[in-house]
Each structure stands twice: as C-alpha cells, then as structure tokens.
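The lines below spell out each chain.
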Amino acid sequence: MNIRLLAKRNIQGNAQRYLAYFFSIVLSVSIFFIYASFIFHPDVVHADIPGGKLISRGLIAAEIVIIIFSVFFIAYSNAAFIQPRKKEFGLLTLLGMSKSQLRKLIYLEQTMVSLISILIGVGLGFLFSKLFLMAISWLLAVEQPISFVFVPEAFIYTIVGFILLFQLLSLFSLFHIGNAEVVDLLKDKQKPKKTPFVSKWLVALSAVCLSISYYFACTLSLNNSYIRVLPIVFFVLIGTYFLFSQSIVALCSRLYRKKKSLYGGTNLITQTNLIFNIKDYSRLFFLTSIITAVILTAAGTLFMFSADLKKQGMDNIPQAIGWIENDASIYSVIEPSAVENTLKEDGFKILYEVNMTGVPITHMLPHMRTGEPNEIRSLLISESDYNNAAALRKIEPAKLSGKEALYIFPYGGLDYQFVHKGEQKELHFGNGTIQVTMVGQRNQSIVAPIKAATTLMVVDDQLYHEITADVPLKEMARVRGYEVKDWEESMETSSEIEQMSNNHNQLQTRAPIYQEMKQGSILILFIGLFVSLLFFIVQGSMMYLRVFTNLEDKKIQIHALHRLGLTKKEIRQILSAEIRILFFAPFLIGVIHAIVAYVALSNLLGSNLFAYSVMVIATYFLFQLLYYQVTKKIYERAVINSIK
C-alpha cells in the first residue's frame, strides 16, 4: 500500500460524496471550453461573422463569472470534503503517517479528481461545441454556418487555467489540516454542540437592512438606479447573512419552546437536529439563497426583457415608419407617396398615418443629474394635433386652456420631472417669446422622437394659432408617420424605404431596430441560460455536499433511534423534513429577493411583468423539486440501508 494507491481507494470509497462535485466541475469546464472555442474561433478573430465580436465580449464576461464562481465553489467543496474526515486523518497520523505524507495524500486525491473532471469536461465541451456553433449560426442568421474547427487556444486556456485554479485552491486547503494536532483531529466530531446564541441587535439589523434594500429596489427608477444598485446589493447581503445566522435561529428557538407541537410525531427529533445544526447551515443557507436570487433575477430579467421587447419597441418608436421635415413646405427627406406605394407593393396594410406641423422652440430645463438649467429644443404643437395622435395610440387626451402648456418627454422608463405643475416657462421661437404655465409632464411618445420632435410642447389651439399666425410654413417642421400591420416582418421594406430617403438621420423605422434588439436579447438569453444552469447545478451540489458530509454521523443517530423503536416510515419522515428545510428555506428567501428585483424591473420598463415572473419562478421551482427528490432518494437509501 502506497500513498497513491491509498488516495485512489479513498476516492472510490467516497464516490457518492464526490458525485455532485464532480458533475458540477465537469459542467463548468465544458461551458468554459465551449465559450472559449467561439471566442478564439478564426472566423470571430478575423471578424468574418456579423455580430461575432459583440457575442465574444459577452462570452468573455461569462467566462470571468464562471472562473470567479468556480473559485468559491471549489474552495467550499474542499472544506466540505476535509471536515468530516478529520478523524480518519487523525488515525492515519497515529499509525505513523507524517504531516507531509498526509498533505500529499489529500493533494493527490484532489488532483486526481480535478484532472479527471477537467479531461472529461474538455471532451464533452469539444463534443458539444459543434451544436453550440450551429445554434449561434442560427441565431445570427448568417448565410454560411460557422465551421467546426480545432481551436488550440480553447484547449490551452481551459486545461491550463483550471489546473492552476485547482492546484492553488488545493494547496491553500492543505494548510489548515496539515497544522492541526492529532488530538484535535480525533476529537473534532466529539465536541458537543452548544445551543446557538442569538443577538437581538443582529436580528434587528437583518430586518433593517432588508427593509432598506427592499424600499430602494421597489422605488428604483432610471434616474436613480446608478446610485442605488450598490447600496441595494450591500444591504441585501448583510441582511440575508444575519437573517440566517440570527433571525432564523431565533425563530427556531421560539418554536422549540412550544412543547405542544414539539412532542407531536417526529417533531422533537427534527427540531432538535435543526436547532443544533442551524448555525452550521447558516452559511450554506446564505450562499444558496443569494445564488437562487441571482439565478432568478438574471434569468428573469433576460426572459422578461426578451418577452417584453415588442411592447418596448412600440412604446419608444410610435410608428413603424416616421420622419421629420425641417421645412414643412416641402418633402426633402422622402415623399409620403413613395412610402405608401412601397408598403402597399410589399403587401403591408397601413393602419393609420400621422401628419402634423409644429414650430421649433427653445426653453430652459434642469439637467437630470446636476439640476443646472440647460437650453433645450422642442417642437411646439397644437392640442388638437396631439389629441388626434394620442387617440390613435390609445393615450389619454390633453385638456388645456389659455396659456397652459404640457411637456412631452418620449421615454416612459424615465420618471424624472423636468417641469412641475404651475411652473412658469418662457418659450422662444424665431424672434418671439411667450410665457406659459405648465400643467405637467408626460413620459410617452406619440410621434417619432427625432431631432426637433424628440420632445414636444403642447399648447391650446387658440394660443397655437396666435403664435404661428406670422410664422411661414418653411420655418415650421412637419412630422409624418405610418403605423403598419405586422410591422415585425417589414425588415426588407424598411431597408428599402431607408435607401429611398435623402437623410437617414431624420428617418426612423421600427422593424430593423426591433430585430437588432431581438437578436441581441436572444443571444444574451442563450448565453445567460448556460450560466444560470451552471449556477443552479453548483448551488444544488453545495446542498448535496452538505447532506452527505455528515452521512456517517446520521447513520449512527438513525441506528440508535431505530433501536429505541422508531419505524422506517418515521425515519424517512425525519430525513425528508431535514432535506426539505435544507433545499427550500434558502429557496424561499431567494424567491422573495427575486420578486423585489422583478418589481424594480417592472418600474424600470414601465410594464406589468407579473405573468413572466410567475413563469420563471415556477420553472425554477420544478427544477429545484426534481433535484430535491433525487437527493432525498439517494440519501434515504444510503441511511436506511445501514439499519440492521
């Protein structure tokens, strides 16, 4: 018997415990290799693929996330593997194994597992990279599919990178076990567990931090998001950590004191195990709840943004074809008849058209960040023209009189108030100036937000005619727009109309912008789902490791309880309850965090995303339930089969 053979047999003996860890590492390596194969693909490097560079940047970001996540997971797993085997290491030391030999044994075990997982991961990655390239080719709609080639850089970066990562983390984990005394190793599991201490101040701190983070998230908007994101993350992390290490412990202690429920069925054993293990579980609960929140938030955000993309396109780009003429007396950008004929020839039905004139004006508005007054250009239009266009888009009409004015800002997601009700404002047009009283601001667009028509100032019809009475038509601007049925399919028609125009900067077509955003969001969603899947597998593996870390101790406890008279059915109830708490307590907190994030996202997008959020959470719950059932079956079989 030598150390190499002993390490090999230790791995075989702990195969059940290594299973989830091994699977997670293989998946991490495979995804990393697949992404690297695309990043270093010759066609991407030489910019032969449209959009390839953009996807490459996204994949590089995903690679960094995978590496960072792998560092934490491998470090956690190494500690989880070493902790329950301290008695074994102590016995080996008593039998004459030196500290250097013990370190070598642990190092060889971890190295063997890492090399096998890296090789299998690279093999699977190479095998499935062809499918990945085919999927990317389909999403990018390239004429020639991306060829499947051997990419040496992908092999080098993946194999060398993960070997170095494993080696560094393995060496780091050796210091703790190598410096421990024999007595400490032998008696580590015999140390009695104390009743966990709870601080009322830390319980209050967790409640305050979570309340602050939830308030910030629920009142999030585009204009304050850049200063709130980091505080939200900080308070969520602090609040969640103390929620599990203090608040949940306090709750368990309170439940433990209720004797009536404590003595019902198997509650005494289940709650006693929970109260004395909750401190050990708190770190795992914290990590898995945050991971769950990250997965649900990231996957939900990507899915919701993709699903809500059509509505966003229609909100931000009011008509399928829209343009502005700086001189209202002529059509210098494009003739309306040319647009109408092209649409009809290609079989598109025009639902409605917009044709309004306005006077370019300037006025002062506060800067969104500094609050300093800035001169802004807007288009002054009449109340009738606004209400006619608003009716076509099913928007509430304006009601003005005298010298009242309404400011129209085209982007609904921004809730910044540039003007306030009752505010006096001077409007400058040509050589004239008029003072109006603002009735408020609306963040919604009714015509193409281009050039002078980006923002609108609406006034009463009589006041508008007084202002424009002496303004010649050539000094006014004209805004035209056509809404089209099935506009999503008008890519070629839109491109044809763009080529016919004399000034692309004053013409806006919805279909190309929508298709570009849709293609980009699908690609991001495609990449994000891979990373989310990895996160899910890893957090499930952490719980699997936690379950099997104390397997031998659990067998001893269950064997003793069985001898005292507990049936196998009652034992299954105890095991199921413990695993259920382990899987679904952090899941519940993670879901609550994600729901708050969905509320913030709904505020940013200006949409009701309830249905989408339910779909995302339900899908994740089904995967979590499946993982729970598999783990429970394996764990119950391992424990109950030990009963004699």
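Nothing here was measured: the structure is a model prediction, and the numbers come from that model. (Residues numbered from 1 in each chain as written. Predicted model: local features only at pLDDT ≥ 70, side-chain atom pairs only at ≥ 80, totals over all residues. Heavy atoms only, no water.)

**A few points about the overall build of the protein**
Okay, step 1: For the protein, the helix and strand inventory stands at 21 helices and nine strands.
Okay, step 2: Evaluated residue by residue, the protein yields a buried proportion of 50% over its 644 residues.
Okay, step 3: For the protein, the share of sequence-separated contacts (at least 6 apart) that also reach a separation of at least 24 residues comes to 82%.
Okay, step 4: Of the accessible surface of the protein, which amounts to about 31,800 Å², a share of 62% is contributed by carbon and sulfur atoms. (Helix = DSSP H or I, 4+ residues; strand = E, 2+ residues; numbered from the N terminus. Buried < 20%, exposed > 50% of the residue type's maximum accessible area, 1.4 Å probe, protein only. Contact = heavy atoms within 4.5 Å. Areas by Shrake-Rupley, 256 points an atom, 1.4 Å probe, with all protein chains shown as cover.)

**Notes on unusual backbone geometry**
Most peptide bonds adopt trans geometry, and most residues besides glycine take a negative phi value.
Okay, step 1: For K451, which is not glycine, the phi torsion reads 50° and is therefore positive.
Okay, step 2: Mapped onto the elements, K451 comes out in the loop between strand 6 (432–443) and strand 7 (456–459).
Okay, step 3: Residue K451 is classed as partly exposed on the basis of its relative accessible area, which comes to 48%.
Okay, step 4: Here the phi dihedral of D486 falls at roughly 55°; this positive angle occurs in a residue that is not glycine.
Okay, step 5: Note that D486 resides in the loop between strand 8 (477–484) and helix 17 (491–500).

**Digging into helix 13 (residues 309–316)**
Okay, step 1: All buried positions along helix 13 are accounted for by L309, Q312 and G313. The arc enclosing the buried residues of helix 13, seen along the axis, measures out at 100°, which places them on a common side. (Arc of directions from axis to C-beta.)

**So, the environment of M457**
Okay, step 1: Counting through the fold element by element, M457 comes out in strand 7.
Okay, step 2: Assessed through its relative accessible area of 0%, M457 is described here as buried.
Okay, step 3: Through-space distance from the C-alpha of M457 to that of L427 is 9.3 Å; in sequence the pair is 30 residues apart.
Okay, step 4: Residues in contact with M457, not counting those within four places in the same chain, are I361, H363, L379, L380, I381, A405, L406, Y407, K425, L427 and M438.

**Re the nonpolar core**
In a soluble, globular protein the nonpolar side chains are often hidden away together inside.
Okay, step 1: Formed by 102 residues in total, the largest nonpolar core has its most connected members in Y21, Y35, F38, L59, L296 and Y635.
Okay, step 2: The dominant element in this core, judged by the number of residues it contributes, is helix 20 (residues 568–605), at 15 residues.
Okay, step 3: In this structure Y35 touches L59, A62, E63, I66, F132, I527, F530 and V531, once residues within four positions along its chain are discounted. (Core = buried A, V, L, I, M, F, W, Y, C linked by side-chain atoms within 4.5 Å.)

**A look at the packing of aromatic side chains**
When we look at a pair of aromatic rings, we describe it by the centre distance and by the angle of the planes.
Okay, step 1: As enumerated under the stated definition, the model contains 28 aromatic pairs in all.
Okay, step 2: Where F409 meets F418, the ring centres are 5.0 Å apart and the plane angle is 40°; that geometry is what we call tilted.
Okay, step 3: Of the aromatic side chains, those joined through ring pairs into one cluster are F536, F583, F584, F587, Y620, F621, F623, Y627 and Y628.
Okay, step 4: Here R510 stacks its cationic end above the ring of W487, 4.7 Å away from the centre of that ring. (Phe/Tyr/Trp six-rings, centres within 6.5 Å; stacked < 30°, edge-to-face > 60°. Lys NZ or Arg CZ within 6 Å of the ring centre and 35° of its normal.)

**With respect to the confidence of the model for the protein**
Okay, step 1: Here the protein averages 81 in pLDDT, and 87% of its residues register 70 or above.
Okay, step 2: Here helix 8 (residues 182–187) stands out as the least confident element of the protein, with mean pLDDT 52; strand 7 is the most confident, with 94. (pLDDT = per-residue confidence, 0-100.)

**Observations concerning the pairing of strand 4 (residues 404–409)**
Okay, step 1: Most of strand 4 sits out of view: five of its six residues are buried.
Okay, step 2: Inspection of the sheet shows strand 4 paired to strand 6 by six bridges, in the parallel sense. Opposite A405, over in strand 6, you have M438 as the bridge partner.
Okay, step 3: Here strand 4 pairs with strand 7 via four bridges, running antiparallel. Looking at strand 7, one finds that Y407 is bridged to M457. (Pairing = 2+ DSSP bridges.)

**A short note on the pattern of salt bridges**
Okay, step 1: Using the criterion set out here, one finds three salt bridges in the structure.
Okay, step 2: Close ionic contact of E483 with R510 constitutes a salt bridge, the shortest N to O distance being 3.1 Å. Residue E483 is located in strand 8, and its partner R510 is located in helix 18 (residues 510–549); the two are separated by 27 residues in the primary sequence.
Okay, step 3: A relative accessible area of 6% places E483 in the buried class.
Okay, step 4: Here R510 falls in the buried class, since its relative accessible area comes to 0%. (Salt bridge = Lys/Arg side-chain N within 4 Å of Asp/Glu carboxyl O.)

**A closer look at helix 15 (residues 383–392)**
Okay, step 1: Among the residues making up helix 15, those that are buried are E383, Y386, N387, A389 and A390. One side of helix 15 holds all its buried residues, which, seen down the axis, span an arc of 165°. For helix 15, the exposed residues set more than 90 degrees away from the buried face come down to N388 and A391.
Okay, step 2: Where the residues of helix 15 are buried, they touch strand 2 (350–366), strand 3 (373–382), strand 4, strand 6, strand 7 and helix 16 (461–468).
Okay, step 3: Positive phi shows up at K394, right after helix 15, with a value of about 55°.

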